[in-house]
Amino acid sequence: MGLRLRVDGDVVRGEVTFDRRQQGAPGIAHGGAVTTVLDDAVASLLVVLETPAVTANIHVDFRAPTLLHHPMTVEARATGRDGRKLHLTARLLDERATVVAEAQALFLAVDLEHFAKGGEALPEAWSGWGANAPG
Ligand SMILES: CCCCC/C=C\C/C=C\C/C=C\C/C=C\CCCC(=O)SCCNC(=O)CCNC(=O)[C@H](O)C(C)(C)COP(=O)(O)OP(=O)(O)OC[C@H]1O[C@@H](n2cnc3c(N)ncnc32)[C@H](O)[C@@H]1OP(=O)(O)O
């Protein structure tokens, strides 16, 4: 879906424009596609947090229709940490800066070995990821 994300200090920002491939109701993005963008944005905070982790849960509030073919921005922030529990939040905004969806996610820190369960080699860039993680 052409989502582009970048780290900006301790915030993750990005842009996405949904098209017919993500359509739910006519002209409107499917909530699952919107959730994917929000989940990906908060997951990218794991680089900032230097902590390998996985989504345990994600709650999404759909505030307004996410219209196809309209450029949207996404921003994600960490709001707290309690041991292995990372509390992360993200918002999707339309070109008028109206919040169309927002998410609160709970991620749980895991060892890198967690990702080896799929049987695929881990990216070289991940080596050492988490070595300096707090908690
Ligand atoms: C240095 C260079 C760094 C380079 C990095 C480079 C690149 C990285 C780039 C970007 C990052 C991109 C990707 C990162 C990779 C993935 C992230 C993508 C996000 C996903 O797409 S990921 C897929 C969907 N996700 C899953 O596939 C998870 C499946 N699941 C499990 O694998 C387990 O379920 C797990 C591990 C979550 C927990 O299992 P566990 O055994 O470790 O922990 P346990 O159950 O004991 O719970 C401990 C405490 O968490 C509480 N707790 C647990 N679950 C809860 C829930 N759902 N709601 C509320 N509370 C919950 C308990 O109540 C307890 O709380 P308490 O301690 O207070 O009692």
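Here the structure is a predicted model, which is why all the values come from computation and not from measurement. (Residues numbered from 1 in each chain as written. Predicted model: local features only at pLDDT ≥ 70, side-chain atom pairs only at ≥ 80, totals over all residues. Heavy atoms only, no water.)

Visitor: I tried to follow the sheet that holds strand β1 (residues 4-8) on my own but got confused; where do I start?
Guide: The 6 strands lie next to each other as β1-β2-β4-β5-β6-β3, forming an open sheet whose pairing is antiparallel. Each of the sheet's edge strands pairs with one partner strand only, and the pair in question is β1 and β3 (53-62). Along the sheet, successive strands turn relative to each other by an average axial angle of 20°, direction set aside. The pairing of β3 with strand β6 (residues 99-109) spans 9 bridges and is antiparallel. Bridge pairing in β6 places Val-54 opposite Leu-108. Across the sheet, helix α1 (residues 31-49) touches β1, β2 (11-16), β3, β4 (72-82), β5 (85-93) and β6, and the angle it forms with β5 is around 130°. (Pairing = 2+ DSSP bridges. Helix = DSSP H or I, 4+ residues; strand = E, 2+ residues; numbered from the N terminus. Axes fitted to C-alpha atoms, helices over the stretch in contact; angles between N-to-C directions. Contact = heavy atoms within 4.5 Å.)

Visitor: I would appreciate a short explanation of the environment of Ala-41 in the present structure.
Guide: With respect to the helices, strands and loops of the structure, Ala-41 is situated in helix α1. Judged by its relative accessible area of 0%, Ala-41 is buried. Once residues within four sequence positions are removed from consideration, Ala-41 is found in contact with Leu-5, Val-12, Val-74 and Ala-76. (Buried < 20%, exposed > 50% of the residue type's maximum accessible area, 1.4 Å probe, protein only.)

Visitor: Is there a simple way to think about the pattern of salt bridges in this case?
Guide: Between side chains of opposite charge, pairing is possible as soon as their charged atoms come close. If you walk through the whole model with that rule in mind, you get 9 salt bridges. Among the salt bridges present, the one from Asp-8 reaches Arg-13, with a minimum N-O distance of 2.8 Å. By relative accessible area, Asp-8 is classed as partly exposed at 39%. Under the relative-accessibility criterion, Arg-13 is labelled partly exposed at 26%. A salt bridge links Glu-75 to Arg-91, with the nearest nitrogen and oxygen atoms 2.8 Å apart. Taken together, the residues span a long stretch of sequence, with Glu-75 in strand β4 and Arg-91 in strand β5 at a distance of 16 residues. When its relative accessible area of 14% is taken as the criterion, Glu-75 is described as buried. The exposure class assigned to Arg-91 is partly exposed, which follows from its relative accessible area of 32%. The network of salt bridges with common partners includes Asp-8, Arg-13, Glu-75, Arg-77 and Arg-91. (Salt bridge = Lys/Arg side-chain N within 4 Å of Asp/Glu carboxyl O.)

Visitor: Explain α1 to me, please; I cannot follow it from the model alone.
Guide: Residues spaced three or four apart along an α-helix face the same direction, because each turn holds 3.6 residues. Between its first and last C-alpha, α1 extends 27 Å over 19 residues, near the 27 Å set by a 1.5 Å rise per residue. Among the residues of α1, Ala-33, Val-34, Thr-35, Val-37, Leu-38, Ala-41, Val-42, Leu-45 and Leu-46 are the ones counted as buried. Elements that come into contact with the buried residues of α1 comprise β1, β2, β3, β4, β5 and β6. Of the residues one or two after α1, Glu-50 is the one with positive phi, at around 55°. (Expected span 1.5 Å × (residues − 1).)

Visitor: What's the story with the packing of aromatic side chains in this structure? I'm lost.
Guide: The geometry of an aromatic ring pair is captured by the separation of the ring centres together with the interplanar angle, meaning the angle of the planes. Counting across every chain of the model gives 3 aromatic pairs. Ring plane angle 10° and centroid distance 6.5 Å describe the contact between Phe-115 and Trp-129, whose orientation is recorded as stacked. One end of the pair, Phe-115, is in the segment after β6; the other, Trp-129, is in the segment after β6, with 14 residues separating them in the sequence. A network of ring pairs unites the aromatic residues Phe-115, Trp-126 and Trp-129 as a single cluster. (Phe/Tyr/Trp six-rings, centres within 6.5 Å; stacked < 30°, edge-to-face > 60°.)

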